[in-house]
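Coordinate inspection notes
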Amino acid sequence: MVSKPGSRNNSAPDLVDFGMFQLSALAISDQLRQELKQIVSSKPYPLLIIGNEGSGKHTIAKCLAASYLCDSVKSDGSACGTCPSCRMILSSGSHLDLVILDPGPSGKSKVEEVRTEVAGRIFEAPRISHNKVFIISAEKADTLSETCQNALLKPLEEHPAFVRFIIFCEDSDRLLTTIRSRVQMLRLGQRSDEEIRQILNEAGIEDPAAKSFALDCSDGRPGLALTLAQDEKYRQIYNESLKLFKAFPRENRTAFLIGGLEFFKANKENTDMIIRLLQSFLRELSLALLADKRDRVQTVSQVFSDKELADWAKLKIDYEALLKLLSESRRALSSNTNYDHTISRLLLQMRAKITAAPPGS
Ligand SMILES: [Zn+2]
């Protein structure tokens, strides 16, 4: 049997899979744009990009790599798009002078890979570009083990001037202090609604419901917003969550509890999203009912029909208690409480806080 030569891990994730690799094309704040420009033009220092899942770490790492590899970087720090390096990225989605060590969010890098792919290659002269770029994922807690991090220390400290390191992670506290002391940190915060809208527009997403769903649930994280707006699975969760919300005052207690718990359990990995959706429906409802009281002329909600609003208006709803209850449940679930128990309690308490008829009706 012929064995494959070195199962290398640098089958680079497609650099152009986002349809862009230029910093100038990113929908980001002016402040972040300035920071990135400075990183490209400043002294080479290993960079650590820190941000939540979907915050744009991969995209920014790829754009920065393209800039580092580009022969004639633009004044804003963007790759030019026409030099041999840029053309190689555009045509093949990868680059000979780019090494990517990224086993994916659920994978783990092996220490031998750090030794052969990083430590073993940093002294190889670049082949096309004037720089050689290493993108290394330390995304989740065990993506880059302590042993791997230790193997990375020396390369981070001693490498030729043409080497650029871009490491990314969700939580820098999980990394060794010795790694943190050797890198320059770039924290990706939340993007504004306006920036997220722009990103969704650029991705060609037109459905207003998809847009508002993505805005509601993405927490200012562009990658997550795109996934939410484009993935049919999430649209379904949205629709079913809305159905569940609308069933609160209608269904009887037992049917509601059983159906609700079943839905939550079937979508357990998206529980946090479902609770956030319930929160957003609740806010929408309170705004719509408030507006409805003041001006009954026009429909005020895209989520609730006039008829539904009229029905809801007959109920007494303690919004503040409900929002608090939802937040508490999100917290409780993140600390490993009994899932079924917490969800059942949430469903029953929510229902109790919604169904009571208003006094004097
Ligand atoms: Zn270029």
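Residues numbered from 1 in each chain as written. Predicted model: local features only at pLDDT ≥ 70, side-chain atom pairs only at ≥ 80, totals over all residues.

**Section: the environment of M88**
Locating M88 in the fold gives a position in helix 3 (residues 84–92). Setting aside its immediate chain neighbours within four residues, M88 contacts H95 and I128. (Helix = DSSP H or I, 4+ residues; strand = E, 2+ residues; numbered from the N terminus. Contact = placed C-beta atoms within 7 Å.)

**Describing the sheet that holds strand 1 (residues 47–50)**
Sheet strands pair via backbone hydrogen bonds, and the direction of the pair is either parallel or antiparallel. Across the sheet, 5 strands lie side by side as 2-3-4-1-5; this open sheet has parallel pairing. Strands at the two margins of the open sheet, each flanked by one partner only, are strand 2 (98–101) and strand 5 (184–187). Each neighbouring strand pair of the sheet contributes to a mean axis angle of 15°, computed without reference to strand direction. Running over the sheet, helix 2 (residues 57–69) touches strand 1, strand 2, strand 3 (132–137) and strand 4 (163–169) and is turned about 175° from strand 4. (Pairing = 2+ DSSP bridges. Axes fitted to C-alpha atoms, helices over the stretch in contact; angles between N-to-C directions.)

**Thoughts on the nonpolar core**
Proteins that are soluble and globular tend to have nonpolar side chains buried together. Within the largest apolar cluster, 50 residues are counted, with the highest numbers of intra-cluster contacts made by I49, L64, A65, A66, I166 and I167. Setting aside its immediate chain neighbours within four residues, A65 contacts L98, V133, I135 and I166. Membership of the second largest hydrophobic core comes to 34 residues, among which are F213, M273, A288 and L346. (Core = buried A, V, L, I, M, F, W, Y, C linked by C-beta atoms within 7 Å. Buried ≥ 20, exposed ≤ 12 C-beta atoms within 10 Å, placed from the backbone.)

**Regarding the environment of R345**
Positionally, R345 belongs in helix 15 (residues 339–355). In this structure R345 comes out as partly exposed when scored by C-beta crowding, with 16 C-beta atoms within 10 Å.

**Observations concerning the confidence of the model for the chain**
Per-residue confidence for the chain averages 85 on the pLDDT scale, and 89% of its residues sit at or above 70. Here helix 8 (residues 208–217) stands out as the element of the chain with the lowest mean pLDDT, 81, in contrast to strand 4, whose mean of 97 is the highest. Across residues 1–19, confidence stays below pLDDT 50; counting only partners more than four residues off in sequence or on other chains, it has 27 contacts. (pLDDT = per-residue confidence, 0-100.)

**A short note on the packing of helix 7 (residues 193–202) against helix 9 (residues 222–230)**
Two elements in contact, helix 7 and helix 9, have axes whose closest approach is 10 Å; the angle formed by their N-to-C orientations is 50°. With respect to helix 9, the axis of helix 7 lies oblique. The interaxial crossing formed by helix 7 with helix 9 has right-handed handedness. Here I196, I199 and L200 of helix 7 lie close against helix 9, whose contacting residues are P222, A225, L226 and A229. Taken together, the residues of the contact of helix 7 with helix 9 break down into 7 nonpolar, no polar and no charged. (Parallel < 35°, antiparallel > 145°, perpendicular 65-115°, else oblique. Left-handed = near helix turned anticlockwise from the far one by under 90°. Nonpolar A, V, L, I, M, F, W, Y, C, P; charged D, E, K, R; others polar.)

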